[in-house]
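Now for the letters of each chain:
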Amino acid sequence: MPEPPEGEADLRTLARRYEVAERGIRDLLARAPSAADRGSLLKAALLLLVALRRLDARTPIRTAYLHEHRFGDPEAVADLAEVLHQRLDNGAQRASVGARRAFRMATEDNLEELELEAVTAHEQPDGRRWSLGHWAGMQIATSGRQSTSRGFADNVGEGGGFVVQGTKCVLCRTLFDGVKVVGRDRLPPGHPGCDCLAVRV
């Protein structure tokens, strides 16, 4: 497994902020069934979500790109930065809806069931729910690696050779086996949350 790129350090810090906020909301909800004032607990949970919505997700994406292509144009990843910002914002908004419901309805008997409701950032069509920390972490890691790879490709230039390190899963071994060429072959990530990293030959 390759070391994570230095350029993605701010993104990893951003992901941790979402994990911490999720733990905070879960802790607040655990106190709700016996609390005299649930409103103040809900307010504290919503403030955690508001704080997340104010975080800058765009600059760390540009930083990841520029770390790989020092003289590149940070606007080359403006689309990635905007998509990440929008997804994280949507996740925090979705969690705030669930938190309002969970804090209102929480009892000792249904607390476990409502705990995920309070921190759900995304629900898939099949009903699988992603908690805030996991959803944000996956989105941030994937967007970060896309930005790093885009910076790498722009720096190396079309026709440049590369190999991919960290191909542990079957999909990535299939996608990234052997020497690849910028502009012809796919760059990491191979899937959401992929750890693979392109390096020069």
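Before reading further, recall that the structure is shown in the block above.
Let me sum up the structure you'll find in this document. (Residues numbered from 1 in each chain as written. Predicted model: local features only at pLDDT ≥ 70, side-chain atom pairs only at ≥ 80, totals over all residues. Heavy atoms only, no water.)

## Examining empty space enclosed by the protein
Enumeration according to the criterion identifies one cavity of 30 Å³ or more in this entry. By volume, the largest cavity is sized at about 60 Å³. Forming the walls of the largest cavity are Tyr18, Leu52, Arg53, Leu55, Ala57, His85, Leu88 and Asp89. Elements with a contribution of two residues or more to the lining of the largest cavity: α2 (38–53) and α4 (78–105). Element by element, the count of residues in the lining of the largest cavity is highest for α4, at three residues. Tallied by class, residues from the lining of the largest cavity come to five nonpolar, one polar and two charged. (1 Å grid on protein atoms, 1.4 Å probe; cavity = no way out; pocket = protein on both sides within 12 Å on 5 of 7 lines; lining within 4 Å. Points joined across faces, edges and corners; volume = space filled by probe spheres on them. Helix = DSSP H or I, 4+ residues; strand = E, 2+ residues; numbered from the N terminus. Nonpolar A, V, L, I, M, F, W, Y, C, P; charged D, E, K, R; others polar.)

## Structural notes on the environment of Leu48
Inspection of the secondary structure assignment puts Leu48 in helix α2. Among the residues examined, Leu48 registers a relative accessible area of 28% and is labelled partly exposed. Residues Leu48 and Leu114, spaced 66 residues apart in sequence, show a C-alpha to C-alpha distance of 18 Å. Dropping the residues within four chain positions of it, Leu48 is found in contact with Ala21, Gly24, Ile25 and Leu28. (Buried < 20%, exposed > 50% of the residue type's maximum accessible area, 1.4 Å probe, protein only. Contact = heavy atoms within 4.5 Å.)

## Thoughts on the side chain of Lys180
Positionally, Lys180 belongs in strand β4 (residues 180–181). No salt bridge forms around the buried Lys180; measuring N to O, its nearest opposite-charge neighbour Asp185 is 4.8 Å away. Polar side-chain contacts of Lys180 include one of 3.5 Å to the backbone oxygen of Leu175. When neighbours within four sequence positions are excluded, Lys180 is seen to be in contact with Gly160, Gly161, Phe162, Leu175 and Asp185. (Lys, Arg positive; Asp, Glu negative; His and termini not counted. Salt bridge = Lys/Arg side-chain N within 4 Å of Asp/Glu carboxyl O. Polar contact = N/O pair within 3.5 Å; in protein donor to acceptor, adjacent residues only side chain to side chain.)

## Side note on α2
Its 16 residues place the ends of α2 23 Å apart at the C-alpha level, agreeing with the 22 Å of an ideal helix rising 1.5 Å per residue. Along α2, the positions that sit buried rather than exposed are Leu41, Leu42, Ala45, Leu46, Leu49 and Leu52. The arc that holds every buried residue of α2, seen down its axis, measures 130°, which confines them to one face. Counted as exposed and oriented over 90 degrees from the buried face of α2: Lys43 and Leu47. Next to the buried residues of α2 lie α1 (9–31), α4 and α6 (132–156). A distance of 3.1 Å separates the backbone nitrogen of Gly39 from a side-chain oxygen at the start of α2, and that oxygen is part of Asp37. (Expected span 1.5 Å × (residues − 1). Arc of directions from axis to C-beta.)

## A word on helix α3 (residues 58–68)
Listed in full, the buried residues belonging to α3 are Pro60, Ile61, Ala64 and Tyr65. The buried residues of α3 occupy one face: seen down the axis, they fall within an arc of 145°. In the core, the buried residues of α3 are packed alongside α1, α4 and α6.

## Structural notes on the environment of Ala141
Mapped onto the elements of the fold, Ala141 is located in helix α6. On the accessibility criterion, Ala141 (33% relative accessible area) is partly exposed. Spatially, the C-alpha atom of Ala141 lies 19 Å from that of Arg54, the residues being 87 residues apart in sequence.

## Overview of the packing of α4 against helix α5 (residues 111–119)
Interaxial distance between α4 and α5 falls to 6 Å at its minimum, and their mutual angle equals 150°. As summarised for this structure, α4 and α5 are arranged roughly antiparallel, according to the angle between their axes. Residues Arg94, Ala95, Gly98, Ala99, Arg101, Ala102 and Met105 of α4 form the contact with α5, whose participating residues are Leu114, Glu117, Ala118 and Val119. Of the residues in the contact of α4 with α5, the class split is seven nonpolar, one polar and three charged. (Axes fitted to C-alpha atoms, helices over the stretch in contact; angles between N-to-C directions. Parallel < 35°, antiparallel > 145°, perpendicular 65-115°, else oblique.)

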